[in-house]
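Structural characterization, general
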Amino acid sequence: MLTGFVNRLRGQVRIRAECTFPERVLNLCGAQELSFWDLKWESPTAFTCRLSRRDWKILRQVGKNLDCTFSVVGLEGAPYFLLRFRHRQALMTGLVGCVLALFLGSFFIWDFQVEGNKTVPEERILRALEKNGVGLGTFGLSLNGENIRNHVLLDVPELSWIAVNVSGCRASVQVRERTLPPVCIDRREPSNLVARRAGLVLKVQTIGGVACVVPGSAVTEGQILISGVEDTDTVGARVLAGMGKVEARTWYDMTVSMPLTATEKRYTGREKIGLSLVFGNRRIKFFSNSSIEGAKYDKITNRYPWSLLGVPLPVTLVVDRWRFYETVSVSRTAAELEKAAEAVLTAQLQEMVEPYGEVKSTLCSSRQKGDALAVTLSAECREEIGKLVPIYTEEETD
């Protein structure tokens, strides 16, 4: 495969040789060390084969003494293809200019690829790079990796390391996010552990202080679970950090009102499409007006970056599509509303409970009130209900 590509790159000639004794032509090629391939016999006295341009010139000269007729069947390869444009100077100039532009453009950055980020948005990293001189159209050989790293880490403190590697037109940005240390709890600070919500206590684990509740007792919101004030028989009361963990059964009742009639949008089938090309940071529009007044529509934008042989080009095709719609009033059944409201309330409940525990069971009910449906979600959960509250002494208050 590689040999065939090289032969076409330097040019090859497909010839037809007709001779009474065709083996003389083959012997002559062997004597002159001429390479030929793709030999095909058409008759006992004629065959076709391919040779390089150089070997064809030699065979044509040394074959004059043979009683043989040579004819060219086809000229193949890059040199013969370019010779077709020798009388088209404008086309050749454009072709050379295109090749030159691709060669020079390969020294500039036209595409970014960010790797290693999980919580920091990619847009924020790219904005920090652009602020420090690394953006679309930046000369890749002029980048100072150490300078970029020092400035970007100051702009994005959530990162601990960043590196920009340029390969052709593409810049590979590799980042490593900073691992924040856990919050240290000062065990010397006087505090109480109080209930952040009401529940039925299931388990009590005391690290410091005095437990004020036992498993099986009901507590209300704000009630002290573990006290930081301990009575002693010798020196009286002493203040310390009341710390621990209290798990309890908790109950939630969440209600949302859903209207029985709602307004929905329905597409009319009318669309408007606008095409534009983005060269680097400049945009060329091929439509007259992009502002639409007094109409209801959804705008959808799709971007299609261009590339040539896997090399990204500084050209992006942008297709803007405006889909027009009208609003209509529709009636919804109670079952549909209850299902939709249950999904919303369940997601909200999970967001509230997940940091502290888990949801054990749920029950959804609904009741119609006028032109709306009141949907209630009742849930039973098991979670940690304690939160630390500092104890202020008289000296601290003063």
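For the structure itself, consult the block above.
Below or above, wherever it landed, is the structure these notes cover. Counting restarts for each chain, with residues numbered from 1 along the sequence as it is written. At least 70 in pLDDT is required for a residue's local features to be given in this predicted model, at least 80 for side-chain atom pairs to be given and counted, and no such filter applies to totals for whole chains, interfaces and linings, which use all residues. Excluding hydrogens and water, the side-chain values take into account all heavy atoms of the structure.

All right, on to the side chain of aspartate 55 then. Mapping aspartate 55 onto the fold places it in helix α3 (residues 53–62). Each residue's exposure class comes from its accessible area (1.4 Å probe, protein chains only) as a fraction of the maximum for that residue type: buried when under 20%, exposed when over 50%, partly exposed otherwise. Of the residues examined, aspartate 55 reaches a relative accessible area of 5% and is grouped as buried. In the analysis that follows, any N or O atom pair within 3.5 Å is treated as a polar contact, provided that within protein one partner can donate a hydrogen and the other can accept it, and provided that, for residues neighboring in sequence, both atoms belong to side chains. At 3.2 Å, the side chain of aspartate 55 forms a polar contact with the side chain of serine 52. For this analysis, residues touch if any pair of their heavy atoms sits within 4.5 Å. Residues contacting aspartate 55, with those up to four places away along its chain left out, are Leu34 and Ser35. Strands here are runs of E lasting at least two residues and helices are runs of H or I lasting at least four, both read from the DSSP assignment and numbered beginning at the N terminus.

Classification of ring pairs uses Phe, Tyr and Trp, with its six-membered ring standing for Trp, and accepts pairs whose centres are within 6.5 Å; under 30 degrees between planes counts as stacked, over 60 as edge-to-face, and the remaining range as tilted. Evaluated as defined, the whole model comprises five aromatic pairs. Here the aromatic rings of tryptophan 56 and phenylalanine 70 are separated by 6.2 Å at their centres, their planes lie at 75 degrees, and the arrangement is edge-to-face. With a gap of 14 residues between them, tryptophan 56 in helix α3 and phenylalanine 70 in strand β4 (residues 68–76) connect regions that are remote in the sequence. Classification of tryptophan 56 by relative accessible area gives buried; the value is 9%. Taking the centre distance of 6.2 Å and the plane angle of 80 degrees together, the rings of tyrosine 267 and tyrosine 325 count as edge-to-face. Taken together, the residues tyrosine 267 in strand β16 (residues 261–279) and tyrosine 325 in strand β19 (residues 311–331) connect sequence positions 58 residues apart. Across the ring face of tyrosine 267, the terminal group of arginine 323 is positioned such that the distance to the ring centre comes to 4.0 Å. A ring is scored as having a charge over it whenever the NZ atom of a lysine or the CZ atom of an arginine sits within 6 Å of its centre and within 35 degrees of its normal.

Pairing is antiparallel across the open sheet formed by four strands, whose spatial order is β10-β12-β8-β22. Edge strands, defined here as strands with exactly one partner in the open sheet, are β10 (210–211) and β22 (386–390). Strands are labelled as partners when DSSP assigns at least two bridges between them. Pairing of β10 with strand β12 (residues 224–227) involves two bridges; the strand directions are antiparallel. Each residue of the ladder has a partner; that of alanine 211, found in β12, is isoleucine 226.

With a phi close to 55 degrees, glutamate 33 is a non-glycine residue in the positive phi region. The exposed category is assigned to glutamate 33, whose relative accessible area is 68%. The backbone phi angle of aspartate 38 is positive, close to 55 degrees, even though this residue is not glycine. One can find aspartate 38 in strand β2 (residues 36–43). Take aspartate 38: its relative accessible area is 41%, and that puts it in the partly exposed class.

Moving on to the nonpolar core. Judged by nonpolar contacts, the single largest core of 18 residues is most densely connected at Ile125, Leu129, Val152, Leu159, Ile162 and Val173. Those elements that place two or more of their residues in this core are β5 (111–115), α6 (122–131), α7 (145–155), β6 (159–167) and β7 (170–177). Those residues within four positions of leucine 129 in sequence are excluded, and the remaining contacts are Val134, Ile148, Val152, Ile162, Val164 and Val173. We define the nonpolar core as a collection of buried residues of types Ala, Val, Leu, Ile, Met, Phe, Trp, Tyr and Cys that are connected through side-chain atoms lying within 4.5 Å of one another.

Ordered by their spatial adjacency, four strands build an open sheet running β2-β3-β1-β4, and the pairing between neighbours is antiparallel. In this open sheet, the two strands that pair with only one neighbour each are β2 and β4. Along the sheet, successive strands turn relative to each other by an average axial angle of 20 degrees, direction set aside. Relative to strand β3 (residues 46–52), strand β1 (residues 12–19) runs antiparallel, the two being bridged by seven bridges. Looking across to β3, one finds that glutamine 12 is bridged to serine 52. On top of the sheet, helix α2 (residues 23–31) reaches β2, β3 and β4; it is set at about 170 degrees to β2, its chief contact. In this analysis an axis means a line fitted to C-alpha atoms, helices contributing only their contacting stretch, and an angle means the value between N-to-C directions, from 0 to 180 degrees. Of the strands in this sheet, β1, β3 and β4 are in contact with α3, which crosses β3 at around 130 degrees.

Attention now goes to the environment of glutamine 113. Relative to the elements of secondary structure, glutamine 113 occurs in strand β5. Between the C-alpha atom of glutamine 113 and that of arginine 170, which follows or precedes it by 57 residues, the distance is 7.4 Å. Excluding its chain neighbours within four sequence positions, the residues that come into contact with glutamine 113 are Arg170, Ala171, Ser172 and Val173. A distance of 3.4 Å separates the side chain of glutamine 113 from the side chain of glutamate 115, its partner in a polar contact.

Moving on, we come to the packing of α6 against α7. Where α6 meets α7, the axes come as close as 9 Å, and the angle between the chain directions of the two elements is 130 degrees. On the basis of the axis angle, α6 is oblique to α7. Pair α6 / α7 crosses with right-handed handedness. Residues Arg124, Ala128, Leu129 and Lys131 of α6 lie in contact with α7, whose contacting residues are Ile148, Val152 and Asp155. For the contact of α6 with α7, a count of residues per class yields four nonpolar, no polar and three charged. Roughly parallel means an angle under 35 degrees; roughly antiparallel means over 145; roughly perpendicular covers 65 to 115; every other angle is labelled oblique. Handedness of a crossing is defined here by the sense of rotation of the near helix relative to the far one, left-handed for an anticlockwise turn of less than a right angle and right-handed for a clockwise turn. Amino acids are sorted into nonpolar (Ala, Val, Leu, Ile, Met, Phe, Trp, Tyr, Cys and Pro), charged (Asp, Glu, Lys and Arg) and polar (every other residue, Gly among them).

Candidates for patches are residues over 30% relative accessible area with no salt bridge; among them, like charges are joined within 9 Å and nonpolar side chains (Val, Leu, Ile, Met, Phe, Trp, Tyr) within 5 Å. All accessible areas in this document rest on Shrake-Rupley with a 1.4 Å probe, and a residue is counted as covered only by the protein chains that are shown. By salt bridge we mean one thing: a side-chain nitrogen of Lys or Arg within 4 Å of a carboxyl oxygen of Asp or Glu. A contiguous nonpolar patch, built from Leu100, Phe103, Leu104, Phe107, Phe139 and Leu141 and spanning about 590 Å² of accessible area, is present on the exposed surface. Within the element layout of this structure, phenylalanine 103 appears in helix α5 (residues 89–105).

Let us look at the side chain of serine 276. Here serine 276 is to be found in strand β16. At 3.0 Å, the side chain of serine 276 forms a polar contact with the side chain of arginine 283. Other than its neighbours up to four places away in sequence, serine 276 contacts Arg283, Ile284, Lys285, Phe286, Phe287, Thr316, Leu317 and Val318.

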